[in-house]
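Spelled out from the first residue to the last, the chains are:
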Amino acid sequence: MDAGLLLDLRDGNQKAVTEWVEGAPERKWYGLVTRGKRKLTVETWRCSRCHLLESYAPG
């Protein structure tokens with residue numbers, strides 16, 4: 001397993017797809033540093049029987 005964080009960028013009423021960003025969070029005065037880090041789109045699957053959610057970042 002690789003360490004990372006989930007990033008969800010939204011601006012006003014716009015919707016965005018959640019991304020997984022590789023590595024530990026690096027905070028700067030303007031926010032999180034993500035430039036140069038691997039980013040993968042997160043997919044979430046739901047079991048129709050028990051309603052369990054599982055998220056994956058294929059790639």
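As a starting point, this report considers the structure included with it. It should be emphasised that the depicted structure is a prediction, and the values quoted were computed from it without experimental measurement.

So, unusual backbone geometry
Logical step 1: Phi is positive for His 51, close to 70 degrees, though the residue is something other than glycine.
Logical step 2: Mapped onto the secondary structure, His 51 falls in the loop between strand E6 (43-46) and strand E7 (53-56).
Logical step 3: On the basis of relative accessible area, His 51 is assigned to the partly exposed category, the value being 46%.

Notes on the environment of Val 33
Logical step 1: With respect to the helices and strands, Val 33 occurs in the loop between strand E4 (31-32) and strand E5 (39-41).
Logical step 2: For the pair Val 33 and Val 21, spaced twelve residues apart in sequence, the C-alpha separation works out to 9.9 Å.
Logical step 3: Residue contacts for Val 33: discarding those within four places in its chain leaves Glu 26 and Lys 28.

Focus on the pattern of salt bridges
Pairing is possible between side chains that carry opposite charge, provided their charged atoms lie close to one another.
Logical step 1: Counted by the stated rule, this structure contains three salt bridges.
Logical step 2: Residue Arg 38 is joined to Glu 22 by a salt bridge in which the shortest nitrogen-to-oxygen separation is 3.6 Å. Residue Arg 38 is found in the loop between E4 and E5, and its partner Glu 22 is found in strand E2 (residues 19-22); the two are separated by 16 residues along the sequence.
Logical step 3: Using a relative accessible area of 33% as the deciding quantity, one classes Arg 38 as partly exposed.
Logical step 4: Each of the salt bridges in this network shares a partner with another, and the network as a whole consists of Asp 2, Glu 22 and Arg 38.

A short note on the sheet that holds strand E1 (residues 4-7)
Backbone hydrogen bonds are what pair the strands of a sheet, in a parallel or an antiparallel way.
Logical step 1: With antiparallel pairing, the three strands of this open sheet are ordered in space as E1-E2-E5. Two strands lie at the open edges of the sheet, namely E1 and E5, each paired on one side alone. Ignoring which end each strand starts from, the neighbouring axes of this sheet average 25 degrees apart.
Logical step 2: Bridge count for E1 against E2 is four bridges, and the pairing is antiparallel. Its bridge partner being in E2, Leu 7 is matched across the sheet by Glu 19.

Comments concerning the packing of aromatic side chains
Think of a pair of aromatic rings as described by two things: how far the centres are apart, and how the planes are tilted against each other in angle.
Logical step 1: Under the definition given, this model contains one aromatic pair.
Logical step 2: Relative to Tyr 30, the ring of Trp 29 lies with its centre 5.4 Å away and its plane at 90 degrees, an arrangement referred to as edge-to-face.
Logical step 3: By relative accessible area, which is 81% here, Trp 29 ends up exposed.

Thresholds applied
Residues numbered from 1 in each chain as written. Predicted model: local features only at pLDDT ≥ 70, side-chain atom pairs only at ≥ 80, totals over all residues. Heavy atoms only, no water. Helix = DSSP H or I, 4+ residues; strand = E, 2+ residues; numbered from the N terminus. Buried < 20%, exposed > 50% of the residue type's maximum accessible area, 1.4 Å probe, protein only. Contact = heavy atoms within 4.5 Å. Salt bridge = Lys/Arg side-chain N within 4 Å of Asp/Glu carboxyl O. Pairing = 2+ DSSP bridges. Axes fitted to C-alpha atoms, helices over the stretch in contact; angles between N-to-C directions. Phe/Tyr/Trp six-rings, centres within 6.5 Å; stacked < 30°, edge-to-face > 60°.

Take it as geometry only, folks, not as evidence of what the structure does.
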